[in-house]
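Summary of structural features
Okay, here's what each chain looks like letter by letter:
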Amino acid sequence: MSDQSAISQNGRKPRGSVFPAFARSRPTRPGETYGVPGQGNTTWLSVATIVALIFIWWAITAAGLVKPLFVPSPQSIVQKFVDVWVNGYTGAPLWQHILISTARVFGAFLLACVIGIPLGLAMGMSPIMRGIFDPPIEIYRPVPPLAYLPLMIIWFGIGETSKVLLIFLSVFAPIALGARAGVRSAAIEQIHAAYSFGATRWQVMRHIILPSAMPEILTAMRIGIGFGWTTLVAAEMVAATKGIGYMVLSASQFLQTSTVIMGIFVIAAIAYAFDMLMRFLERRLVPWKGKM
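Residues numbered from 1 in each chain as written. Predicted model: local features only at pLDDT ≥ 70, side-chain atom pairs only at ≥ 80, totals over all residues. Heavy atoms only, no water.

What follows is about the packing of aromatic side chains. Scanning the model with the defined rule gives nine aromatic pairs in all. A connected cluster of aromatic rings, assembled from ring pairs, spans F106, F109, W229 and F274. (Phe/Tyr/Trp six-rings, centres within 6.5 Å; stacked < 30°, edge-to-face > 60°.)

See below:
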């Protein structure tokens with residue numbers, strides 16, 4: 001058939017013959033037409049932001065606009081890190097301070113997960129459990145950890161128990177409330193369908209409610225571990241001789257600003273690494289998050 005025969009009566013060619021690539025294109029995927037909110041790779045933008053902040057920091061300190069006592073230069077922070085890593089701090093190597101603080105935070109975090117996740121799920125499913133445990137959690141949750149630090153010392157002494165419990169209390173509430181909120185993510189139609197096929201309450205809990213609540217639970221775990229690291233410094237105020245929080249507090253008393261900032265960066269690096277791990281687990285365990 002000639003090109004003239006492909007021309008319609010109004011003198012125009014069919015759309016497919018003019019734009020053959022569009023005529024043979026694959027079906028549009030969900031979110032491609034208008035875009036999924038928040039979708040896109042931001043790695044290079046994040047790297048550029050960090051580099052820009054470090055450059056501004058270096059420029060300010062190199063120009064002498066701020067005294068080193070208040071804002072040390074980036075190179076002095078790196079030198080302090082190497083010095084503490086090689087020579088240690090207060091008689092203990094840096095890796096030992098990191099290991100002790102990490103054990104305190106993650107020990108409290110695991111304890112909060114073991115208790116908080118089942119309790120939160122039970123609160124979400126049972127009005128009796130919610131009525132019993134919701135008031136005490138909501139009462140103590142807004143209280144800063146420093147407020148009940150004296151009680152921890154009075155009740156449990158100045159050993160490791162009071163430190164771990166203080167961190168545990170800061171982590172427990174977000175995890176329990178996140179698990180409770182996650183129960184509401186389960187579709188009531190799926191629950192009714194499961195019961196209509198003869199599923200038991202435990203089977204509904206395991207195969208419908210728990211998978212639906214996992215995105216909320218993982219998010220709550222990420223938030224909870226953040227609270228744990230922020231409480232670490234307060235916990236290591238109690239007769240501690242080792243730990244990153246202790247190092248930061250001790251250095252601040254002697255106006256060692258470079259050590260303080262170096263310790264803050266170490267805490268931030270560990271917390272960020274765990275957050276990356278949790279994001280990886282989210283992609284593996286709940287790949288449907290944000291796609292439904």
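Back to the text.
Glancing now at empty space enclosed by the protein. Inspection of every chain in the model, using the stated rule, returns one cavity of 30 Å³ or more. A volume near 30 Å³ is recorded for the largest cavity. Around the largest cavity, the lining residues are M123, G124, R130, R180, V183 and R184. Mapped by element, the contributors of at least two residues to the lining of the largest cavity are α5 (94–125) and α8 (160–183). Partitioning the lining of the largest cavity into residue classes produces two nonpolar, one polar and three charged. (1 Å grid on protein atoms, 1.4 Å probe; cavity = no way out; pocket = protein on both sides within 12 Å on 5 of 7 lines; lining within 4 Å. Points joined across faces, edges and corners; volume = space filled by probe spheres on them. Helix = DSSP H or I, 4+ residues; strand = E, 2+ residues; numbered from the N terminus. Nonpolar A, V, L, I, M, F, W, Y, C, P; charged D, E, K, R; others polar.)

For the rest of this paragraph, the subject is the pattern of salt bridges. Under the criterion given, the structure shown has seven salt bridges. When the shortest N-O distance is used, the salt bridge between R141 and E138 registers 3.0 Å. A relative accessible area of 43% places R141 in the partly exposed class. The salt bridge partner of R222 is E282, with a shortest N-O separation of 3.7 Å. Placement of the pair is R222 in helix α10 (residues 201–235) and E282 in helix α12 (residues 257–285), with a sequence separation of 60 residues. Among the ionic contacts, a cluster of salt bridges with common partners joins R222, D275, R279 and E282. (Salt bridge = Lys/Arg side-chain N within 4 Å of Asp/Glu carboxyl O. Buried < 20%, exposed > 50% of the residue type's maximum accessible area, 1.4 Å probe, protein only.)

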